[in-house]
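Inside the fold
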Amino acid sequence: MVTKTRNLVLSCTLKTVLERLPNASFIRVHRSYVVNISKLDVIAMCIWKSIER
C-alpha cells in the first residue's frame, strides 16, 4: 500500500483491503491494483472489442 508518507507491505488479500476502504473513493482497476479515484486527473474511456475464439 502506498500513502503520502510511506509504503506498506500487507499480509492480507487485496479483496480484504478493498472491503475496508470507502466504496465511493476506491475502485479495483486490475487484479493487482486499487486506485483512489479522487487522486485521478483524467479518466479515459477505452472500448475493448471482445474476440470469440
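Residues numbered from 1 in each chain as written. Predicted model: local features only at pLDDT ≥ 70, side-chain atom pairs only at ≥ 80, totals over all residues. Heavy atoms only, no water.

**Concerning a nonpolar patch on the surface**
Residues Ile27, Val29, Tyr33, Ile37, Leu40, Ile43 and Met45 make up a contiguous nonpolar surface patch of about 730 Å² in total accessible area. Along the polypeptide, Tyr33 turns up in strand 2 (residues 33-36). Of the residues examined, Tyr33 reaches a relative accessible area of 52% and is grouped as exposed. (Patch = residues over 30% accessible without salt bridge, like charges linked within 9 Å, V, L, I, M, F, W, Y side chains within 5 Å. Areas by Shrake-Rupley, 256 points an atom, 1.4 Å probe, with all protein chains shown as cover. Salt bridge = Lys/Arg side-chain N within 4 Å of Asp/Glu carboxyl O. Helix = DSSP H or I, 4+ residues; strand = E, 2+ residues; numbered from the N terminus. Buried < 20%, exposed > 50% of the residue type's maximum accessible area, 1.4 Å probe, protein only.)

**Considering the layout of surface pockets**
Of the voids in this model, the largest pocket is the one considered here, and its volume is about 380 Å³. Met1, Val2, Leu21, Phe26 and Val34 are, among the 14 residues lining the largest pocket, the residues nearest its centre. Only helix 1 (14-20) and strand 2 provide two or more residues apiece to the lining of the largest pocket. The leading source of residues in the lining of the largest pocket is strand 2, at four residues. When grouped by side-chain class, the residues that make up the lining of the largest pocket number ten nonpolar, three polar and one charged. (1 Å grid on protein atoms, 1.4 Å probe; cavity = no way out; pocket = protein on both sides within 12 Å on 5 of 7 lines; lining within 4 Å. Points joined across faces, edges and corners; volume = space filled by probe spheres on them. Nonpolar A, V, L, I, M, F, W, Y, C, P; charged D, E, K, R; others polar.)

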